[in-house]
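Structural features, examined
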Amino acid sequence: GTYKVAVYFGQTVTLPDGPINLTDVLYVGSSATSFVTINSGRVLKFGSEQAWVNYTDATAPGATASNPGLSKAEILGSMTSSDPSFGPNSILASAKSNSLTAYVYARLSGKTIAVGSIPLKVQANENMHWRGDARLDGTPVELNVDWDGSGGKGKYHVWVYPPAGSGPLYSAVPAVLGFELILGTGAGEHPAGGASEIGGTEKPWTQQTGSSRVRSN
C-alpha cells in the first residue's frame with residue numbers, strides 16, 4: 001500500500017486523537033509530506049509478538065492510585081517477507097550504507113503514543129544489526145532490528161517512554177496496542193514494513209494486573 005509520511009516542526013499537528021501544539025515563539029513552523037509505497041513483495045509479516053505495557057504515571061489526567069497512566073510500552077516480534085530474495089540489503093540504499101531511516105507509529109487505547117522517524121545505525125560489516133533512538137514529539141523511543149544469518153528473517157524490538165501526563169489511563173479500553181514499522185524510508189532507500197495489533201481478539205493480553213498488561217508466547 002501507499003503510506004503518507006508527514007513531518008512537522010514548530011506548529012500544531014492534528015492527530016486522530018486530537019491536536020498537539022508544537023509551536024515555539026522562537027521558530028517559524030514548517031512541515032513536509034511524502035508518500036511511501038510498499039508493494040506486496042515488500043510487506044513484512046509480523047509474528048510471535050510479545051509486549052509489556054506498564055502503568056505507573058500518577059500525573060496523567062484523571063489518574064488515581066488504582067488507575068494510573070501509561071509509563072512504558074515495549075514490543076518485540078519476528079518479521080518475514082514472502083520474497084525469497086529479500087534481505088537487509090534489499091532495504092539499504094546500498095550494501096555499504098552505515099545508516100538508514102525507520103518510521104514508527106504506536107497507539108494504545110486509541111491514543112497515539114509515538115509517531116515519527118528514527119535514524120538507525122548499521123552495525124558490523126554483515127549489515128545484520130541496526131540500532132537507533134530518537135525523541136519523537138518529546139517521547140523517547142528506541143528501536144533494535146536484527147536479521148538472521150540468511151537475512152530473510154528478522155526481529156524487531158521497540159521501547160516507548162511517554163512523557164509524564166501524556167499516556168492513556170489503565171482503564172481506557174479497548175486496550176489495543178497498535179504498532180506500525182516501516183524500514184528504509186530515507187532518501188535512496190527501499191522501504192519494507194508491516195503492522196500488528198496486540199490486545200484484540202486475535203492476539204489478546206495474556207496477563208493484566210491493574211498496573212501492567214503483558215502479551216507473551
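Above this text you will find the structure in question.
The rules we used
- Residues numbered from 1 in each chain as written.
- Predicted model: local features only at pLDDT ≥ 70, side-chain atom pairs only at ≥ 80, totals over all residues.
- Heavy atoms only, no water.
- Core = buried A, V, L, I, M, F, W, Y, C linked by side-chain atoms within 4.5 Å.
- Buried < 20%, exposed > 50% of the residue type's maximum accessible area, 1.4 Å probe, protein only.
- Contact = heavy atoms within 4.5 Å.
- Helix = DSSP H or I, 4+ residues; strand = E, 2+ residues; numbered from the N terminus.
- Pairing = 2+ DSSP bridges.
- Salt bridge = Lys/Arg side-chain N within 4 Å of Asp/Glu carboxyl O.

Side note on the nonpolar core
Judged by nonpolar contacts, the single largest core of 42 residues is most densely connected at Trp130, Leu143, Trp147, Leu177, Phe179, Leu181 and Leu183. Not counting residues up to four positions away in its chain, the partners in contact with Trp130 are Pro88, Ile91, Leu92, Leu100, Leu120, Lys121, Val122, Leu143, Asn144, Val145, Trp147 and Leu183.

Notes on the side chain of Ser109
Secondary-structure assignment places Ser109 in the loop between strand 7 (99–108) and strand 8 (111–123). Judged by its relative accessible area of 18%, Ser109 is buried. The contacts of Ser109, once residues within four sequence positions are left out, are Pro168, Ala172, Pro174, Ala175 and Val176.

Here we look at the pairing of strand 13 (residues 192–198)
Of all seven residues making up strand 13, five are buried, and the element is well covered by its neighbours. As paired elements, strand 12 (residues 177–183) and strand 13 share seven bridges and run antiparallel to each other. Within strand 13, the residue paired with Glu180 across the bridge is Ala195.

Observations concerning unusual backbone geometry
Note the cis peptide between Val173 and Pro174, where omega equals 0°. Not every positive phi belongs to a glycine, and Ser109 is a case in point at roughly 55°. Here the phi dihedral of Asp137 falls at roughly 50°; this positive angle occurs in a residue that is not glycine. Along the polypeptide, Asp137 turns up in the loop between strand 9 (129–136) and strand 10 (139–147). Assessed through its relative accessible area of 43%, Asp137 is described here as partly exposed.

Brief notes about the pattern of salt bridges
For the coordinates displayed, the defined rule picks out four salt bridges. The closest approach of N and O atoms between Lys72 and Glu74, which form a salt bridge, is 3.7 Å. According to the relative accessible area criterion, Glu74 is buried, its value standing at 13%. Taking the shortest distance from any N to any O, the salt bridge between Asp146 and Arg131 comes out at 3.0 Å. Of this pair, Asp146 sits in strand 10 while Arg131 sits in strand 9; the two residues are 15 residues apart in sequence, bridging distant segments of the chain. In this structure Asp146 comes out as partly exposed when scored by relative accessible area, which is 24%.

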